[in-house]
Amino acid sequence: MSGSKKMTLRVQSAEGTSRIEVLDTDVTSCLYERVYEALHLNTFGFTLHRDRQRKEEIVSSKSHQIREYGLQHGDMLYLNPVNGAVLFEQPSASAEENNKQLGDRIDTGPSTSATTASAQLKPGSPEEDEVDLELYKLPGTIQRQRDDKLCRHNSKGCCVHCSPLEPWDEGYLKEHNIKHMSFHAYLRKITSGKFVSLDELSCKIKPGCKEHPPWPRGICSACQPGAVTLNRQPYRHLDNVLFQRPALVERLLAYWRATGHQRLGFLYGHYERHPDVPLGIRARVTAVYEPPQESGRDFITLAEDPHAELLAELARRLGLRRVGWMFTDLLPDDLAAGTVRQVRGVDTHFLSAQECITAGHYQNQHPNACRHASSGYFGSKFVTVCVTGDSQKQVHLEGYQVSGQCQALVRDGILLPTRDAPELGYIRDCSPQHYVPDVYYKERDAYGNEVGVSARRVPVAYLLVDVPVGVARQAMPAPPAPAASAAAGPPRSLRALHYHLQSATSFLEAVSELHVLLYLCSNEALPLPLECVAPLLEAVRTHDAAAADRWRAAPQPATLLQLARAAADADAPMPSAAASGVWTCALCTYHNAASLRACEMCAMPRNDGL
């Protein structure tokens, strides 16, 4: 191999032409560093080319030498900014002086995560949920009664056998079959009287690094995201889901029974304390909204909802919020017995990779405000409920959340579904357009050792958190709905609105549904403004039947209900001659007595089969 040869290269930029000295055996990354120093640039966001047309690029590399590009002594290189990077902008003396004066007036303090998290508690930070504010005030300890067999003290004493337990006590959770500790119990465990700052996982390259060209031309340990090791999340943000009445679930089941197609709905309700889990939170579902959708036996496709903003305002005025989503995955097994197949379980999958990605997308849209998070948000209370068959071939409700790691993988576009295996997710390949860090998960090998495995195809069970689901028992029966109306879905016409009002036991019960209230405000015949519907919303929120009946008698609502009655009467079939005692002339439509054989008005002979 020949020796190194020293050469001088010219670099042309927007500021003129400069000269640099390099060796032909230097790597091209060294060439970029010499240009960076010689031209006093403030970023590595540039490229070097051998021609003005920018077709022959010299790529920054630590393995390729300058001689490989055929450069000779005295050659001209052309510098080009990348993505509009400002290479030569330097702060002026006056700007530096102003910044110094501003720093003298404002004490920024140490730049630490604790300071950032403390700033989130100031006015203007994300407002935490009422249930979180309530749980922060509770001691959280689990009180125990005196044990007559083990305790040797009087009723006022205390020992290790009856002293209060911490809310994260593993023995207590295992004894009461609680699979995951609550999020507030987890906070008490990691803080233990100390301040802790929570940071969500990020799989993206940190922007603003000026030590090298931007990706894919360069990356360093300062801006490169670390490797991700998937772990089962020990806590959950939501500990239980409770449906207020069985009719909320029966409506989706009625649609499936009538059509054989799957159905999706969004859950609306509020959060409250869960008494069965230490520092637990429960979502009480009081309404289910079925958005515009197309579905079949094996798919559901959501369409754009033109009334999304109106629905959000109605829910806000009713004191409701979107707490989750539910979908059916049912296949009939025995129609006579009413059983369904079990398609989900330990041997197959609980949620498919596509459903986990959808759940992560919704959880990212509904973040959980947290005072301990540096960004103001951490995790999500949004829940996923699947209506499917259990091992007894009966309809069963299963609730899940995806972990914070899954939320990050979905948010950064790393987790993809697989075609052949629903229980496996696929980690996207690294590309010049998308940097993907290494992802691993741990499993036990044949010798019982816990080893890290590359998560190119990751089991989505590592990303799931179980959430129990129940339905409140009460005597209120579901309103009768024939198969035809169940297949048609919620009221979407004046005729359907009239029949819905007639089938309910009271007017308040009939309008205590989001679909009905939304149709009152969005129908094409006579849409009612929010100011007009506001008294009805208050009556529904407070369960005031008298106020709802008074609203019904107002001019605008009465007109709309009269139009609904007229639409139902117009679609009603004409009574037969035997039932009504009259027959209608086919020529002049005159109603004649049943005894007449010809029309009394036009003498047209009767022709109705009699």
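Residues numbered from 1 in each chain as written. Predicted model: local features only at pLDDT ≥ 70, side-chain atom pairs only at ≥ 80, totals over all residues. Heavy atoms only, no water.

**Details of the overall build of the protein chain**
Consideration 1: Looking only at helices and strands, the protein chain features 18 helices and 27 strands.
Consideration 2: The 610 residues of the protein chain split such that 41% are buried.
Consideration 3: Looking at the protein chain alone, contacts between residues at least 24 apart form 65% of all its contacts between residues at least 6 apart.
Consideration 4: In the form shown here, the protein chain has an accessible surface area of approximately 33,900 Å², with 51% of it arising from carbon and sulfur atoms. (Helix = DSSP H or I, 4+ residues; strand = E, 2+ residues; numbered from the N terminus. Buried < 20%, exposed > 50% of the residue type's maximum accessible area, 1.4 Å probe, protein only. Contact = heavy atoms within 4.5 Å. Areas by Shrake-Rupley, 256 points an atom, 1.4 Å probe, with all protein chains shown as cover.)

**Some details on the pattern of salt bridges**
Consideration 1: In the structure shown here, the tally under the stated rule is 27 salt bridges.
Consideration 2: Of the charged contacts in the structure, one is a salt bridge between Arg541 and Glu538, with a shortest N-O distance of 2.7 Å. Placement of both Arg541 and Glu538 in helix α15 (residues 530-542) is noted, with a separation of 3 residues, approximately one turn of the helix.
Consideration 3: On the basis of relative accessible area, Arg541 is assigned to the partly exposed category, the value being 42%.
Consideration 4: Among the ionic contacts, a cluster of salt bridges with common partners joins Asp129, Asp132, Arg321 and Lys381. (Salt bridge = Lys/Arg side-chain N within 4 Å of Asp/Glu carboxyl O.)

**Considerations on the sheet that holds strand β7 (residues 228-230)**
Consideration 1: Pairing within the open sheet is mixed, and its 3 strands lie in the order β7-β21-β22. Edge positions in the sheet fall to β7 and β22 (450-454), since each of these pairs with one other strand and no more. Direction aside, the axes of adjacent strands within the sheet are offset by 35 degrees on average.
Consideration 2: As judged from the 3 bridges shared by β7 and strand β21 (residues 439-444), these two strands associate in the parallel manner. Directly across from Val228, in β21, lies its bridge partner Val439. (Pairing = 2+ DSSP bridges. Axes fitted to C-alpha atoms, helices over the stretch in contact; angles between N-to-C directions.)

**Digging into unusual backbone geometry**
Consideration 1: Here Trp215 and Pro216 are connected by a cis peptide whose omega angle stands at 15 degrees.
Consideration 2: On the secondary structure map, Pro216 appears in the loop between α6 (183-191) and β7.

**Here we look at the packing of aromatic side chains**
Consideration 1: A full pass over the atoms with the stated rule returns 12 aromatic pairs.
Consideration 2: Ring geometry for Phe183 versus Tyr235: centroids 5.6 Å apart, planes at 50 degrees, classification tilted. Highlighted residues: Phe183 in helix α6 and Tyr235 in strand β8 (residues 235-236), separated in sequence by 52 residues. Judged on exposure class, the residue Phe183 and its partner Tyr235 are both buried.
Consideration 3: Each ring, one from Phe507 and one from Trp551, has its centre 6.3 Å from the other, and the planes form 25 degrees; the classification is stacked. You can see Phe507 sitting in helix α13 (residues 507-511) and its partner Trp551 sitting in helix α16 (residues 545-552), a full 44 residues away along the chain. The residues Phe507 and Trp551 share a single accessibility class, namely buried.
Consideration 4: Counting every residue linked through ring pairs, the aromatic cluster contains Phe266, Trp325, Phe327, Tyr362 and Phe382.
Consideration 5: Sitting over the face of the ring of Tyr462, Arg232 holds its NZ or CZ atom 4.6 Å from the ring centroid. (Phe/Tyr/Trp six-rings, centres within 6.5 Å; stacked < 30°, edge-to-face > 60°. Lys NZ or Arg CZ within 6 Å of the ring centre and 35° of its normal.)

**So, the side chain of Ser352**
Consideration 1: Its location among the elements puts Ser352 in the loop between β16 (339-340) and α9 (353-365).
Consideration 2: When sequence neighbours within four positions are dropped, the list of residues in contact with Ser352 reads Arg344 and Pro422.

**Overview of the side chain of Asn523**
Consideration 1: Along the chain, the position of Asn523 falls in the loop between α14 (514-522) and α15.
Consideration 2: Residue Asn523 is classed as buried on the basis of its relative accessible area of 3%.
Consideration 3: In this structure the side chain of Asn523 is engaged in a polar contact, spanning 3.0 Å, whose partner is the backbone oxygen of Leu520.
Consideration 4: Here the side chain of Asn523 touches Ala525 through a polar contact of 3.2 Å, landing on its backbone nitrogen. (Polar contact = N/O pair within 3.5 Å; in protein donor to acceptor, adjacent residues only side chain to side chain.)

**Brief notes about the nonpolar core**
Consideration 1: Judged by nonpolar contacts, the single largest core of 69 residues is most densely connected at Tyr268, Leu415 and Leu536.
Consideration 2: Among residues more than four places away in sequence, those in contact with Leu536 are Phe507, Val511, Leu517, Leu520, Ala548 and Trp551.
Consideration 3: Leu253, Tyr271, Leu279 and Val467 belong to the second-largest nonpolar core, a separate cluster that totals 26 residues. (Core = buried A, V, L, I, M, F, W, Y, C linked by side-chain atoms within 4.5 Å.)

**With respect to the confidence of the model for the protein chain**
Interpreting fine coordinate detail is not advised for predicted regions of low pLDDT.
Consideration 1: Here the protein chain shows a mean pLDDT of 82. Residues at 70 or above account for 85%.
Consideration 2: Highest mean pLDDT in the protein chain belongs to strand β9 (residues 240-243) (96); lowest belongs to helix α3 (residues 113-119) (33).
Consideration 3: For the stretch residues 90-123, pLDDT sits under 50, and the model shows 21 contacts to residues farther than four places along the chain or on other chains.
Consideration 4: Low pLDDT (under 50) marks residues 475-489, which in the prediction has 11 contacts with non-local residues, meaning those over four places away or in another chain. (pLDDT = per-residue confidence, 0-100.)

**Considerations on the packing of helix α12 (residues 494-503) against α14**
Consideration 1: Taken N-terminus to C-terminus, the directions of α12 and α14 make an angle of 140 degrees; their axes are 12 Å apart at the nearest point. As summarised for this structure, α12 and α14 are arranged oblique, according to the angle between their axes. α12 and α14 meet at a crossing whose hand is left-handed. Here Leu494, Leu497 and His500 of α12 come into contact with α14, specifically with Val516, Tyr519 and Leu520.
Consideration 2: For the contact of α12 with α14, the per-class residue count stands at 5 nonpolar, 1 polar and no charged. (Parallel < 35°, antiparallel > 145°, perpendicular 65-115°, else oblique. Left-handed = near helix turned anticlockwise from the far one by under 90°. Nonpolar A, V, L, I, M, F, W, Y, C, P; charged D, E, K, R; others polar.)

**Points about α9**
Because each turn of an α-helix spans 3.6 residues, side chains separated by three or four positions end up pointing in the same direction.
Consideration 1: Over its 13 residues, α9 extends 18 Å from the first C-alpha to the last, a length consistent with the 18 Å expected when each residue adds 1.5 Å.
Consideration 2: Among the residues of α9, Ala353, Glu355, Cys356, Ile357, Ala359, Gly360, Tyr362 and Gln363 are the ones counted as buried. (Expected span 1.5 Å × (residues − 1).)

**Side note on the state of the cysteines**
Consideration 1: Taken as a whole, this structure holds 0 disulfides when the rule is applied.
Consideration 2: Residue Cys158 stays outside any disulfide, its sulfur separated by 4.2 Å from that of Cys162, the closest cysteine.
Consideration 3: Between Cys220, a cysteine without a disulfide, and Cys209, which holds the nearest cysteine sulfur, the sulfur-to-sulfur distance is 3.6 Å. (Disulfide = S-S within 2.5 Å.)

**Brief notes about the environment of Glu33**
Consideration 1: For Glu33, the position within the fold is in helix α1 (residues 28-38).
Consideration 2: For Glu33, a relative accessible area of 40% translates into the label partly exposed.

**Regarding the packing of α15 against α16**
Consideration 1: The N-to-C vectors of α15 and α16 enclose an angle of 160 degrees; their axes lie 8 Å apart at closest approach. One finds that α15 runs roughly antiparallel with respect to α16. Crossing of α15 against α16: the hand is left-handed. Packed against α15, whose contacting residues are Cys532, Val533, Pro535, Leu536 and Ala539, the element α16 presents Ala547, Ala548 and Trp551 at the interface.

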